[in-house]
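Tertiary structure, described
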Amino acid sequence: MPHHTLRLPGPLPEPKGGVVAGPYHGWMPETSVRTYLDHAATTPMVPAAVEAWLAATAQVGNPSSLHASGRRARALLEESRERVAAVLDAHPSEVVFTSGGTEADNLAITGTYAARTAAHPRARAVVTSSIEHHAVLEAVEALEPRGAVVRLVAPDGHGEVRVDSVASAIEEIEAGGAAPALVTVMWANNEIGTIQPVQQVAALARERGIPVHSDAVQAVGPCGLSFRQSGLDLLSLSGHKLGGPMGIGALLVSRDARIDPIVHGGGHERGLRSGTVPVALVAALAAALEDVGARRAHETERLIALRDRLIGGALDLDLGIVVGGAWTAGSARDRLPGNAHLIVPGCEPDSLMFLLDAAGIEASTGSACQAGVPGRSHVLDALGVDSTQPVGVVRLTLGHSSTAADVDRAVDALATCVPQARTAYTVSA
Amino acid sequence: MRVVAAMSGGVDSAVAAARMLDAGHEVVGVHLALSQNAARLRESARGCCTIEDAGDARRVADRLGIPFYVWDMAARFRRDVMDDFAAEYAAGRTPNPCLRCNERIKFSALLDKAVALGFDAVATGHYARIVEGHQGRELHRAVDLAKDQSYVLGVLTTDQLARAFFPLGDTTKPQIRLEAAERGFSIAKKPDSHDICFIPDGDTRGFLTRHLGEQPGELVDAVTGAVVGEHSGSYGFTVGQRRGLGLDRSGLDGSPRYVVGVDGPRNRVLIGTADLLGVDVIVGDHVRWCGPPPEGAAAVGAQIRAHGEEVPATAYVEGGELHVRLAERMRGVAPGQSVVLYEGTRVVGSATIARTATARSQD
């Protein structure tokens, strides 16, 4: 039976009950040329993922149904699962689809804690780093009312969570007569892009029989990792950070991991994540992962060159800009190839973001926003950046659509925006 | 011009932003985050500074097709408005925080930042008018006298007014609501905010107690000096106040008693009868002119609270202080309040009331 595909959509429908935004012809962002340098927030879907999504979403079929349409949906789901597993060097039964990275982190942490404490009532400590994404930090904190003792491991001044620091934390917990329920350390930091020694942490935990998880949301695209060789029990990933769609992610769960579900009702996904699996999103995720995997070697070299051009250009402005976290030119060993995290003393982050936006540069502070206000970054705090002084932060992250012209525009914009943002701080402080 | 439209999430500032856009300006919407731990949702109709309000402002900006940002001025607001509010009460004065916010936040911190970032002016949804007079820009009352907010803008200098827009001053509030509905703003029927934005429950004394702690002291008869009662903090009292004195009886002659003075440094509240409340001389410092300062004694109208009546007066400056001689006695004039002077509908200037007197005692 020929696959029936949707045509690419025309103009988006108008919002219900409303008029679409009126034409705006100002100097401001909405109409000017945009330079998108926020790929760590989300990166454009790769064409292969768009095509896979369109093809699959045009078809009816719940993968749990027993009829022909259901079987076809199930076949696509399982084929996609096999492709995801193949790219990540995992077994298909180890792939549990979720709505995204946040849900994967929550399932890993909450589900493991529940199973572990049921089996080992003394195992109530959760060891994690102080620079985790909020999806991990807040999931861990949410366990405290259930008796969890949270142990945060600080990174060194370069933004690396050192293995010996993790080992000391575990030893202290054990010396106190308790036991760790879980160790979770991110693969690569979402703000400053530093890469963590996850495999060593995993080896350390495994030899003591402690379940170990890593939030690899930022790493799966650029790093080309192997779940089998990582030594991890659990690994989180997100579709839209690597060229797939929003609304889909996965938790890789090793076959011998002990973990309870947190969402109940139907027993989908190995009984760990109930709810109808969005087959089209899964197909798009598989396509994106394969696409990224096929281009990775070349793409990594390209992004490293762009990143170094960006960081070098920013430092050469002689504006007192500092790189947040470890950076070795020409290398992606200690820092993601596409991450340029710049600390700009003497100005406020929102002024700098505004001026860059007005100049057409789409960047981020990298930290979570509360109602549109960039919050103080817990990662900068962990790095020991002075919290009593105003500190502008610009996270510029590169992706598959980034070019040298993008990088040069960003450096040019920094040259004018940084002094102006500093003036704005001086007058309004 | 490049204009920042300060957008609270309410009806007025939404229409103000729309009108600036219609007038051909390049408009960017800015919501000020003024609370350091803003609630997610409005809990009553009174507040204006929740995350839900920021979202309402954002949706209006979306509708207008203008960029929108939230600027965090919570620390500055806390220092310059909230802490100042508490300190003024502690000193025995009665401040107006809206006026202080206009002076130090909206037309200072916000305006200065906007100018530094490349803007020319700030527009707000205040009900007041700016008129191009032959001696420069003039600040006038709004045509809707029931909503007129020129009083809380009376602290603005000519430099600040030169970079301000009040696009609603020529329209009445009901018409603004209609216009908001016609423009399709979902907030057209949103209730007006009332009271003090950082005291959404309206309990000023509770707010002050949390800030300043309980400070037990004495209620003292203003004439005899006799102790007539106790209080838990002089900051909880304001001149002209009758309720909440905790006195079980009126004066010796049976007439009602009022707060006639607050001695913050000694934490004493002075009590007396109504005849002690009437004053006709006001002396103020912190003098501001919204246009050219008057020469010599000027015949003006004086207003001492946001929606209070205007009383004919003569005003002149002496020794850096503003002296206002009222044509009739006013009651409930408290130090710390602002006296705003009008000439017709034009705002002449203002001062912060330092002390009051009756003409007889001056003679």
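Just so you know, these numbers come straight off a predicted model, no measurement behind them.

Here's the deal with the overall build of chain B
A count of helical and extended segments in chain B gives nine helices and 17 strands. For 363 residues, the compact-globule estimate of 2.2 N^0.38 gives 21 Å, and the C-alpha radius of gyration of chain B, at 21 Å, lies within 12% of that figure. Residues classed as buried in chain B amount to 47% of the 363 residues present.

Let's talk about the overall build of chain A
The helix and strand tally for chain A stands at twelve helices and 14 strands. The globule rule puts the C-alpha radius of gyration for 429 residues at 22 Å, and the 22 Å found for chain A is close to it. Dimensions along the principal axes, computed over C-alpha positions, put chain A at roughly 65 × 60 × 45 Å. When the 429 residues of chain A are sorted by exposure, 51% land in the buried category. A separation of at least 24 residues holds for 74% of the contacts in chain A among residues at least 6 apart in sequence.

Topic: the sheet that holds strand β11 (residues 268–273) of chain B
Residue and element names in this part refer to chain B. Judged by pairing direction, the sheet is mixed, and its four strands sit side by side in the order β9-β8-β11-β10 without closing on themselves. Here the strands that pair on one side only, and so sit at the sheet edges, are β9 (227–231) and β10 (257–263). Mean inter-strand twist for the sheet, computed between neighbouring axes without regard to direction, equals 30°.

A closer look at helix α4 (residues 134–141) of chain A
Because an α-helix completes one turn every 3.6 residues, residues spaced three or four positions apart along the sequence face the same direction. All of the buried residues in α4 of chain A are A135, V136, L137, A139 and V140 of chain A. Here the buried face of α4 of chain A lies against α3 (101–119), β3 (123–129), β4 (149–153), β5 (179–184) and β6 (212–215) of chain A.

Some thoughts on unusual backbone geometry
The backbone of E269 of chain A shows a phi angle near 50°, a positive value even though the residue is not glycine. You can call E269 of chain A buried: it has 22 C-beta atoms within 10 Å. Residue N267 of chain B is not a glycine yet carries a positive backbone phi of 55°. Topologically, N267 of chain B is positioned in the loop between β10 and β11.

Some details on the confidence of the model for chain A
On average, residues of chain A score 91 in pLDDT, and 91% of them are at 70 or above. Below pLDDT 50 for its whole length, residues 1–26 of chain A participates in 26 contacts with residues either more than four positions away or in separate chains.

Describing the sheet that holds strand β7 (residues 164–165) of chain B
All names here are of chain B. Strands sit in the order β3-β2-β1-β4-β7 across an open sheet of five strands; the sheet is parallel. The open sheet is flanked by β3 (68–72) and β7, the only strands paired with a single partner. Where strand β4 (residues 121–123) lies against β7, two bridges are found, and the strand directions are parallel. Paired with A123 across the two strands is F165, which belongs to β7.

A look at the domain arrangement of chain B
Domains assigned within chain B are domain 1 (2–182), domain 2 (216–276) and domain 3 (279–362). Centre-to-centre separation of domain 2 of chain B and domain 3 of chain B, based on C-alpha positions: 26 Å.

Brief notes about the nonpolar core
Buried together is how nonpolar side chains tend to be arranged in soluble globular proteins. Of all hydrophobic cores here, the largest spans 231 residues; its most connected members are A283 of chain A together with A5 and A17 of chain B. Setting aside chain neighbours within four positions, we find A5 of chain B in contact with S13, A16, A17, M20, V27, G29, V30 and A123 of chain B.

What about the environment of A75 of chain A?
Residues and elements named next belong to chain A. Position of A75 relative to the elements: it lies in helix α2 (residues 68–88). On the basis of neighbour count, A75 is assigned to the partly exposed category, with 13 C-beta atoms found within 10 Å. A C-alpha to C-alpha distance of 38 Å links A75 and N339, two positions 264 residues apart in sequence.

Here's the deal with the pairing of strand β14 (residues 391–397) of chain A
All names here are of chain A. Across the seven residues of β14, seven count as buried, placing the element largely inside the fold. Covered by surrounding structure in β14 are V391, V393, R395 and T397 together with G392, V394 and L396, the residues of both alternating faces. Direction of pairing for strand β10 (residues 339–345) relative to β14: antiparallel, over a ladder of seven bridges. Paired with N339 across the two strands is T397, which belongs to β14.

A look at the pairing of strand β14 (residues 311–318) of chain B
Residue and element names in this part refer to chain B. Across five bridges, the pairing between strand β13 (residues 298–303) and β14 is antiparallel. By the bridge assignment, V300 is partnered in β14 with A313. Joining the antiparallel neighbours β14 and strand β15 (residues 321–330) is a turn of two residues, in which G319 adopts a positive phi near 60°.

What to know about the domain arrangement of chain A
All names here are of chain A. Per the domain assignment, the segments of chain A are domain 1 (56–289) and domain 2 (295–428). Placing a centre on the C-alpha atoms of domain 1 and another on those of domain 2 gives a separation of 28 Å. Tallying the contact residues gives 21 residues for domain 1 and 23 residues for domain 2. The residue inventory of the side of domain 1 that touches domain 2, partitioned by class, reads seven nonpolar, twelve polar and two charged.

Regarding the packing of α2 of chain A against helix α9 (residues 279–315) of chain A
To characterise two packed helices, one gives the angle between the axes of the helices and the distance between these axes. Residue and element names in this part refer to chain A. For the pair α2 and α9, interaxial distance at closest approach is 9 Å and the crossing angle is 30°. Taken together, the axis directions place α2 and α9 in an arrangement best described as roughly parallel. As for how α2 packs across α9, the hand of that crossing is left-handed. Residues A73, L76, L77, S80, R83, V84 and V87 of α2 form the contact with α9, whose own contacting residues are V279, V282, A283, L285, A286, L289, E290 and G293.

A look at the confidence of the model for chain B
Parts of the prediction with low pLDDT should not have their coordinates interpreted in detail. All names here are of chain B. In this model, chain B carries a mean pLDDT of 91, and residues with pLDDT of at least 70 account for 94%. When mean pLDDT is taken per element in chain B, β4 scores highest with 98 and helix α9 (residues 359–362) scores lowest with 59. Both scores are available for the predicted complex, with the pTM at 0.89 and the ipTM at 0.85.

What counts as what
- Residues numbered from 1 in each chain as written.
- Chains lettered and ligands numbered in written order.
- Predicted model: local features only at pLDDT ≥ 70, side-chain atom pairs only at ≥ 80, totals over all residues.
- Helix = DSSP H or I, 4+ residues; strand = E, 2+ residues; numbered from the N terminus.
- Rg over C-alpha atoms; globule rule 2.2 N^0.38 Å.
- Buried ≥ 20, exposed ≤ 12 C-beta atoms within 10 Å, placed from the backbone.
- Contact = placed C-beta atoms within 7 Å.
- Pairing = 2+ DSSP bridges.
- Axes fitted to C-alpha atoms, helices over the stretch in contact; angles between N-to-C directions.
- pLDDT = per-residue confidence, 0-100.
- Domains from an automatic or database assignment.
- Core = buried A, V, L, I, M, F, W, Y, C linked by C-beta atoms within 7 Å.
- Nonpolar A, V, L, I, M, F, W, Y, C, P; charged D, E, K, R; others polar.
- Parallel < 35°, antiparallel > 145°, perpendicular 65-115°, else oblique.
- Left-handed = near helix turned anticlockwise from the far one by under 90°.

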